[in-house]
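The chain contents come next:
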Amino acid sequence: MHSFRLLSFLLPLAAAYNARRSALTDCLNNAQVPILLTSSPGWGAEIEPFNLRFSPAPAVVTIPRNKKDVQAAVKCASKTGTRVTVKSGGHSYGAYGLVGTMVMDMMEFQDVTYDKNTQIASVGTGVRLGNVATKIFQLGQRGLPHGTCPGVGIGGHATLGGFGLDSRMWGLTVDTVVSLDVVLADGTATTASATKNPDLYWALRGAGPGFAVVTTFHLKTQPAPPVNINYGYTYTFTSAEQAAKAYAIAQEWGQKKAPKELGYGILLFPKGSFFVRGVYYGEKAKFDALIAPLLVLLKEVHGGKDPVTSVQTLGWIDSLTALAGSSLTTPVKGYNLHDTFYAKSVVTHESAPLSPTALKGLFNYLYTTTPPGGAQWFIISNLEGGPGSIINSFPPNTDPHSTSSYAHRDTGYVLQLYAFTANSKPPFNSGIINFVKGMVDSMGPEAANLPAYAPYTDPELSVADAHVRYWGGGVKRLMKIKKEVDPKGILYNPQGF
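Computed from a predicted structure; not experimentally measured.

### Some details on the overall build of the protein chain
Then comes step 1: The secondary structure content of the protein chain amounts to 15 helices and 18 strands.
Then comes step 2: By the compact-globule yardstick of 23 Å for 497 residues, the protein chain fits well, its C-alpha radius of gyration being 23 Å.
Then comes step 3: Principal axes of the C-alpha set define a box for the protein chain whose edges measure 70 × 65 × 45 Å.
Then comes step 4: Sorting the 497 residues of the protein chain into buried and exposed places 56% on the buried side.
Then comes step 5: Contacts spanning at least 24 positions in sequence make up 76% of the contacts within the protein chain whose residues lie at least 6 apart.
Then comes step 6: Counting every atom, the protein chain has about 20500 Å² of accessible surface; 56% of that belongs to carbon and sulfur.
Then comes step 7: On the protein chain, the mean spot of the 42 positive side-chain charges and the mean spot of the 33 negative ones are 4 Å from each other.

Here is the structure:
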C-alpha cells in the first residue's frame, strides 16, 4: 500500500518534469540554440566536473554562439520555469556551473580584444585565465591580477574575487572590472557599470553567479612588469613547535614588512614541508635586501640550516608560466584536468592574525593526524593585506560608496585548506571532509567564525552560513537586488541568492 501511494505521488511529478523538459528543448530548438541532451555524443565529457567528487545531472546543456543565443536560451528557461547555471571554465569546487536543470556552457565566448586608448581589455566569458594572460600580453604588453591556474575560467573568477600574487599591487580581478555585458533573467541584454545599473554592477563584482549571465568582461589592465623575481624557500621542520614558530614569524613579517610589490604566501605540505614563495615585481637587488631579514629569522628556527632556495629573474609570461607549472595555453575544447577533493577557506582579519594558540593547535593536528585512505593535503596561506595593499584600500561592501560586493577589505591572509585522494581520482573517502574540517577546528574558537573566500566554494556550508562568511554585511542588499533582477529565480547559484 505504501509503495503504491509513493508511486502515485511520484508519477505525476515525473510526468510534469518530462513535460517541462520537452517544452524547454522544443523552445531551444525553435530558437536554433545549440544544445546537448543526455543522449548526445560527448554528453559525459561535457558534464564531467573539475572536482570528480560530484556527479551533476543536468537535463540539457546549451552552447550559445553569441549574445542572441544567450538571450533566446534564457527566455526559454524563463518561459518553462527552468533553473539555469552558467559554466565558464568549470573549475567550481562544488561543480556549481553544472547543477542547473539547464546548463549554459560559454565555451564559444573566446574573444579577447584590447583598446590601447582606454587600456581596457574586453574578454569573453568562456576564456580561461592562461589564454587571457597570453593574449593581452601579445596585444599590448599588459597584465591583469588573477590566479595561477591557467585552466580556470574568467567567469567565476572575475565575479567572485580573483586573487593573484600581483593582487596586493593591482587589486583582485573583480577590482579591474570596469563594466560587464550581461543578459538578465528575462532575456534582456544590457550593460552593468558604475553609472548604468550600478546595483547590478555592485552585485556582479563579488557575488556574480546567479544575478545575470555575463557575456563579456571589460577589464582595466596594467603594464606587465618587465622584471619579476619568482622566489621559493623550502624548509623542513621536524616538530610542530618549530613549524608553528616559523609560521608565526612569516605571518608577522608579511603583514608588517611586505610592500605591495611583493606577492607572498606560506605553503604547508605533509612531512613538515614549509614553503615560502611568491613573486617580487621589481629589481633583484631590492628583493634581496627586502627578504634577507626574514631568511635570518627562519634560519634560526630551522636549526641554523639554510633552506632549499629557488630565485629566478623572469619576464612576465615566463613568470606566470613558472607559477602555473605548465603552459599558459589551454584548449578551448577538450580540457581534461580533474581532481577529487574537499577544501575549506579561512580569511583572517588584518588586525587579528592567527594567535600562537591557534597555530599550536593547527600544527599539532597536522603533525599527529593522518588523512584517510592515503589522501594528500596542502594549505596555502596567501597574504592579501600588509603595507599598502590595494585589496584593502577599497571600501567595505557595506559602505555607500562601495562599487563591489566583495566583502573582505580588512584581510590579513586567506588560507585554503585542501585534501585530495591519493591519485586525484574517485572514489572519494568522505573521511577527507572531516580531516579538512579538523584543520579548521584545531585552530580553536578564534577560527570558528572567520569569513570564507567564495571562489574556494565549500558545499558543506549551509546557505545561510555561506552568505555570512562569503558576503558579510552585504547580504541584505544582495537579496534585494536578486529579487529585482531575477524575481522568478531562474539563474541559480546553490549558495547564492
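### With respect to the side chain of Asp166
Then comes step 1: Positionally, Asp166 belongs in the loop between helix H5 (154-160) and helix H6 (167-170).
Then comes step 2: With no salt bridge to any partner, buried Asp166 finds its closest opposite charge in Arg168, at an N-O distance of 11 Å.

### Quick notes on the pairing of strand S17 (residues 376-383)
Then comes step 1: Counting buried positions along S17 yields 7 of 8 residues, so the element is predominantly enclosed.
Then comes step 2: Of the strand pairs in this sheet, strand S13 (residues 262-269) and S17 are connected by 4 bridges, and their pairing is antiparallel. Bridged to Ile266 within S17 is Ser381.
Then comes step 3: Both S17 and strand S18 (residues 411-420) contribute to a ladder of 8 bridges, which runs antiparallel. Directly across from Ile380, in S18, lies its bridge partner Gln416.

### Considerations on the pattern of salt bridges
Then comes step 1: Evaluation of the coordinates by the stated rule reveals 15 salt bridges.
Then comes step 2: The closest approach of N and O atoms between Arg65 and Asp69, which form a salt bridge, is 2.7 Å.
Then comes step 3: Three or more residues are tied together by salt bridges with common partners; here these are Glu46, Lys87 and Asp105.

### Description of unusual backbone geometry
For residues that are not glycine, phi is negative in most cases, and the peptide bond is trans in most cases.
Then comes step 1: A cis amide bond, omega 5°, links Pro426 with the succeeding residue Pro427.
Then comes step 2: Structurally, the position occupied by Pro427 is in the loop between S18 and helix H12 (431-442).
Then comes step 3: One non-glycine residue with positive phi stands out, namely Lys271, at about 65°.
Then comes step 4: Inspection of the secondary structure assignment puts Lys271 in the loop between S13 and strand S14 (273-280).
Then comes step 5: Non-glycine residue Ser424 carries a positive phi angle of around 65°.
Then comes step 6: The residue Ser424 is located in the loop between S18 and H12 in this model.
Then comes step 7: Note on Ser424: relative accessible area 22%, which makes it partly exposed.

### Regarding the packing of helix H11 (residues 356-368) against H12
Then comes step 1: H12 packs onto H11 with a crossing angle of 150° between their chain directions and a minimal axis gap of 8 Å. Taken together, the axes of H11 and H12 are roughly antiparallel relative to one another. Contacts from Ala358, Gly361, Leu362, Tyr365 and Leu366 in H11 reach Asn434, Phe435, Gly438, Met439 and Ser442 in H12.

### Let's talk about the environment of Ile380
Then comes step 1: One can find Ile380 in strand S17.
Then comes step 2: Given the relative accessible area of 16%, Ile380 is considered buried.
Then comes step 3: Considered as a pair, Ile380 and Gly334 are 46 residues apart in the sequence and their alpha carbons are 29 Å apart.
Then comes step 4: Excluding its chain neighbours within four sequence positions, the residues that come into contact with Ile380 are Ile266, Leu267, Arg277, Val414, Leu415 and Gln416.

### Remarks on the sheet that holds S17
Then comes step 1: Strand order in this open sheet of 7 strands is S15-S12-S14-S13-S17-S18-S16, and the pairing throughout is antiparallel. On the outer flanks of this sheet lie strand S15 (308-314) and strand S16 (341-349), each paired with one strand and no other. Put simply, the sheet's adjacent strands are angled 15° from each other on average, direction ignored.

### Quick notes on the packing of aromatic side chains
Then comes step 1: Within this structure, the stated rule accounts for 25 aromatic pairs.
Then comes step 2: Following the ring pairs from residue to residue traces out a cluster consisting of Phe50, Tyr93, Phe269, Phe341, Phe378, Tyr406, Tyr418, Phe420, Tyr453 and Tyr456.
Then comes step 3: For the cation-ring pair, Arg83 lies above Tyr492, with the distance from its terminal atom to the ring centre recorded as 3.7 Å.
Then comes step 4: Arg477 extends its terminal NZ or CZ atom over the ring of Trp202, reaching a point 4.0 Å from the ring centre.

### Quick word on the pairing of S14
Then comes step 1: Among the 8 residues that make up S14, 7 are buried, leaving the element largely enclosed by the rest of the structure.
Then comes step 2: When strand S12 (residues 228-236) meets S14, the two strands line up antiparallel, connected through 8 bridges. Each bridged residue has a counterpart across the sheet, and for Thr236 the counterpart in S14 is Ser273.
Then comes step 3: Turn length for the S13-S14 hairpin, with the two strands adjacent in sequence and antiparallel, is 3 residues, and the turn residue Lys271 shows positive phi of about 65°.

Thresholds applied
Each chain carries its own residue numbering, running from 1 in the direction its sequence is written. At least 70 in pLDDT is required for a residue's local features to be given in this predicted model, at least 80 for side-chain atom pairs to be given and counted, and no such filter applies to totals for whole chains, interfaces and linings, which use all residues. Hydrogens and waters are ignored; side-chain quantities use all the structure's heavy atoms. Going along the chain from the N terminus, every DSSP run of H or I of four or more residues is numbered as a helix, and every run of E of two or more is numbered as a strand. Atoms counted for the radius of gyration: C-alpha only. Globule rule: 2.2 Å times the number of residues to the power 0.38. The classification of residues rests on relative accessible area computed with a 1.4 Å probe and restricted to protein chains. Under 20% of the type maximum is buried, over 50% is exposed, and intermediate values are partly exposed. Should any heavy atoms of two residues lie within 4.5 Å, those residues are considered in contact. Note on areas: Shrake-Rupley with a 1.4 Å probe; residue coverage comes only from the protein chains shown. In this tally, Lys and Arg are treated as positive and Asp and Glu as negative; His is ignored, and so are the chain termini. Charge positions are represented by NZ for Lys, CZ for Arg, CG for Asp and CD for Glu. For this analysis, a salt bridge means a side-chain nitrogen from Lys or Arg found within 4 Å of a carboxyl oxygen belonging to Asp or Glu. Whether two strands pair depends on DSSP finding at least two bridges between them. Inter-axis angles, ranging from 0 to 180 degrees, are taken between N-to-C directions of lines fitted to C-alpha atoms, where helices are fitted over the stretch in contact. In these notes the angle categories are as follows: under 35 degrees is roughly parallel, over 145 is roughly antiparallel, 65 to 115 is roughly perpendicular, and the rest is oblique. Any pair of Phe, Tyr and Trp rings, taking the six-membered ring for Trp, is counted once the centres come within 6.5 Å. Such a pair is stacked with planes under 30 degrees apart, edge-to-face with planes over 60 apart, and tilted for the rest. We call a charge positioned over a ring when the NZ of a Lys or the CZ of an Arg lies within 6 Å of the ring centre and within 35 degrees of the ring normal.

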